[in-house]
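Inside the fold
One-letter residues, chain by chain:
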Amino acid sequence: MAPVQLTTCFNTLLTDTVNLSRFKLDMLDNRVDSVYRALKADEEIGHLVLDKIPQGSWAQRTIINPVGDKEFDADFLLLMEENPDWHGSPKTYIDKVYAALDRHSRYREMPHSRKCRCVRLEYKNLMHVDIVPYVQLSDGRDVIVNRDDNCWEATDPEGFTAWMRNQDDITGGNLRRVIRLLKYLRDHKNSFTGTRSIILTTLLGNQVSDTKTLIDPGYYANVPTTLLHLVQDLNTYLQANPNKPSIADPSGSGVTFDHRWTQDTYAYFRERISVHTEEIEAAYHHADKETSIELWQGLFGTGFKEPDAQQSSAKFPAATASVAAVTTTGRSGRAG
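First, a word on scope: everything that follows refers to the structure included in this document. All values reported here derive from a predicted model rather than from experimental measurement.

Counting 48 residues, the largest nonpolar core has Leu 181, Leu 182, Leu 227, Phe 269, Trp 296, Phe 300 and Phe 304 as its most contacted members. Secondary-structure elements contributing two or more residues to this core are helix 1 (7-18), helix 5 (157-170), helix 6 (174-188), helix 7 (197-207), helix 9 (223-239), helix 10 (263-285) and helix 11 (289-300). Ranked by size, the runner-up nonpolar core spans 39 residues in total, among them Leu 20, Met 27, Phe 72 and Ile 131.

Each pair of packed helices can be described by the angle between their axes along with the distance between the axes. Where helix 9 meets helix 10, the closest approach of the two axes is 9 Å, and the angle between their N-to-C directions is 145 degrees. Crossing handedness for the pair helix 9 and helix 10: left-handed. The segment helix 9 lies against helix 10, with Pro 224, Thr 225, Leu 227, Leu 228, Val 231, Gln 232, Leu 234, Asn 235, Leu 238 and Gln 239 engaging Tyr 266, Phe 269, Arg 270, Ile 273, Ser 274, Thr 277, Ile 280, Glu 281, Tyr 284 and His 285. In the contact of helix 9 with helix 10, the residues fall into eleven nonpolar, seven polar and two charged.

Alternating positions in strand 4 (residues 119-123) separate cleanly, Val 119, Leu 121 and Tyr 123 being buried on one face and Arg 120 and Glu 122 remaining unburied on the opposite face. Summarising the sheet, strand 3 (residues 112-114) and strand 4 pair through three bridges and their orientation is antiparallel. Note that in strand 4 the partner of Ser 113 across the bridge is Arg 120. What sits between the antiparallel neighbours strand 3 and strand 4 is a turn of four residues. Strand direction decides the pairing type here: strand 4 and strand 5 (residues 127-136), joined by five bridges, are antiparallel. Bridge assignment links Val 119 to a residue of strand 5, and that residue is Ile 131. The hairpin turn running from strand 4 into strand 5, its antiparallel successor, is three residues long, and Leu 126 in that turn takes a positive phi close to 60 degrees.

A separate point is the packing of aromatic side chains. To describe a pair of aromatic rings, you give the distance between the ring centres and the angle between the ring planes. Per the counting criterion, the structure on display carries twelve aromatic pairs. Here the aromatic rings of Tyr 219 and Tyr 220 are separated by 5.1 Å at their centres, their planes lie at 85 degrees, and the arrangement is edge-to-face. Note on accessibility: Tyr 219 and Tyr 220 belong to one class, buried. Members of the aromatic cluster, each reached through a chain of ring pairs, are Phe 10, Trp 296, Phe 300 and Phe 304. Looking at Lys 52, its charged tip hangs above the ring of Tyr 36, at a distance of 5.8 Å from the centre.

For the rest of this paragraph, the subject is the environment of Met 27. The residue Met 27 is located in helix 2 (residues 22-40) in this model. With relative accessibility at 13%, the residue Met 27 sits in the buried group. Expressed as a C-alpha distance, the spacing of Met 27 and Met 127, which sit 100 residues apart in the sequence, is 9.7 Å. When near neighbours in sequence (up to four residues on either side) are disregarded, Met 27 contacts Phe 72, Asn 125 and Met 127.

The next subject is helix 7. Across the eleven residues of helix 7, ten count as buried, placing the element largely inside the fold. In this structure, the buried residues of helix 7 make contact with helix 3 (56-59), helix 5, helix 6, helix 9 and helix 10.

Glancing now at helix 4 (residues 92-103). Here helix 4 contains twelve residues, and its C-alpha end-to-end distance of 16 Å stays within 8% of the 16 Å for a straight helix at 1.5 Å per residue. For helix 4, every residue scored as buried is listed here: Thr 92, Tyr 93, Ile 94, Val 97, Tyr 98, Ala 100 and Leu 101.

Before going further, it helps to spend a moment on the pattern of salt bridges. Under the definition given, this model contains 14 salt bridges. Between Asp 42 and Arg 103 there is a salt bridge whose closest N-O contact spans 2.8 Å. Of the two residues, Asp 42 sits in the loop between helix 2 and strand 1 (49-55) while Arg 103 sits in helix 4, which places them 61 residues apart along the sequence. Relative accessible area serves as the criterion here: at 11%, Asp 42 is assigned to the buried category. What makes Arg 103 partly exposed here is its relative accessible area of 30%. Two residues, Arg 117 and Glu 153, come together in a salt bridge whose shortest N-O distance is 2.9 Å. Placement of Arg 117 in the loop between strand 3 and strand 4 and of Glu 153 in strand 7 (residues 151-154) is noted, with a sequence separation of 36 residues between them. Looking at Glu 153, the relative accessible area reads 17%, which means it is buried.

Calculation rules
- Starting afresh in each chain, residues are numbered from 1 along the sequence in its written order.
- Under the rules for a predicted model, residues below a pLDDT of 70 receive no local features and side-chain atom pairs below 80 are neither given nor counted, while totals for whole chains, interfaces and linings still include all residues.
- Values reported for side chains reflect all heavy atoms of the structure, with hydrogen atoms and water molecules removed beforehand.
- By nonpolar core is meant a set of buried Ala, Val, Leu, Ile, Met, Phe, Trp, Tyr and Cys residues that side-chain atoms within 4.5 Å join together.
- Only protein chains enter the accessibility calculation, which uses a 1.4 Å probe; a residue whose area is less than 20% of its type maximum is buried, one above 50% is exposed, and one in between is partly exposed.
- Here a helix means four or more residues in a row that DSSP labels H or I, a strand means two or more in a row labelled E, and each is numbered from the N terminus.
- Every angle, taken between N-to-C directions, lies between 0 and 180 degrees, and every axis is a line fitted to C-alpha atoms, over only the stretch in contact when it is a helix.
- For a crossing to be left-handed, the near helix must be turned anticlockwise from the far one by less than a right angle; the clockwise case is right-handed.
- Whether two residues touch is decided by their heavy atoms; if any such pair falls within 4.5 Å, the residues are in contact.
- Residues are grouped as follows: nonpolar covers Ala, Val, Leu, Ile, Met, Phe, Trp, Tyr, Cys and Pro; charged covers Asp, Glu, Lys and Arg; every other residue, Gly included, is treated as polar.
- The criterion for strand pairing is that DSSP finds at least two bridges linking the strands in question.
- Pairing of aromatic rings covers Phe, Tyr and Trp, the last counted by its six-membered ring, and requires centre-to-centre distances within 6.5 Å; plane angles under 30 degrees mean stacked, over 60 mean edge-to-face, and any other angle means tilted.
- Placement of a charge over a ring requires the Lys NZ or Arg CZ to be within 6 Å of the ring centre, with the centre-to-atom vector within 35 degrees of the ring normal.
- The length a helix should cover is 1.5 Å for every residue beyond the first.
- Only one rule defines a salt bridge in this text: a Lys or Arg side-chain nitrogen within 4 Å of an Asp or Glu carboxyl oxygen.

Pasting the structure below:
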């Protein structure tokens, strides 16, 4: 018997359990807009503030509901004009943004702090915004600030977004959904703790291949099939690399994400993906619908279920089963 395709159950899991609600996404948008307007209006640095660019999970539409009362967040790049007077001390950009919040009538009353690459602004209702100064230097480099080392770090937010969009389009939009599902396993099921989202996103995106769709047009046909194939391909890659491989920024910035995990973290991730691969294969290939649902629930919990009635949701689009969508093309940030 052929395996059952439980795409409606994946829709329910994504829309009801995994995805961040439309209400919270709108809240992020509104708060980032407000912070940007405040910095743009600041009398000391406002003339240097040129633009805001969403980045990270929020920008890549891979953000998920946080666990329990943990915070959700938005990162954005604050494009600033280069100030020659600060050239010898990159961390000045972070210090000046922090000082601008101190001068603002509203934000001075809110907790805010300086991190390595950003200024963090904390809200009462379990969310924060990370403001990442971003400068296009006169020598042509696009950079963010490493405050701890007082130096520049190369970045290419447009390149990362383009790469992400291209990889997601190859899968008919299912890559982003699979990334959210794997992040859910990490955060809510305590699996492979310690693997940062940027590494998980890059590793899964690197598994996407046009060639696979030439051989099998249905390779990324829907969410469960894409999940099966991406995790199988990732597991093959990981088992071929007992030692932590170098993970390059796919934007082509020339930097790597190697400093964001350790050999121990990598070894644990490698082991857990092997276990999950077997679990996903068993659930996907089981021909009995009820048994397949139970196996998927063993992985994702009771949120994996058939919809009670016809549902609509204003959250992220959940899943499609269109093979034709697999061949669409297009283009697609990252956080400090």
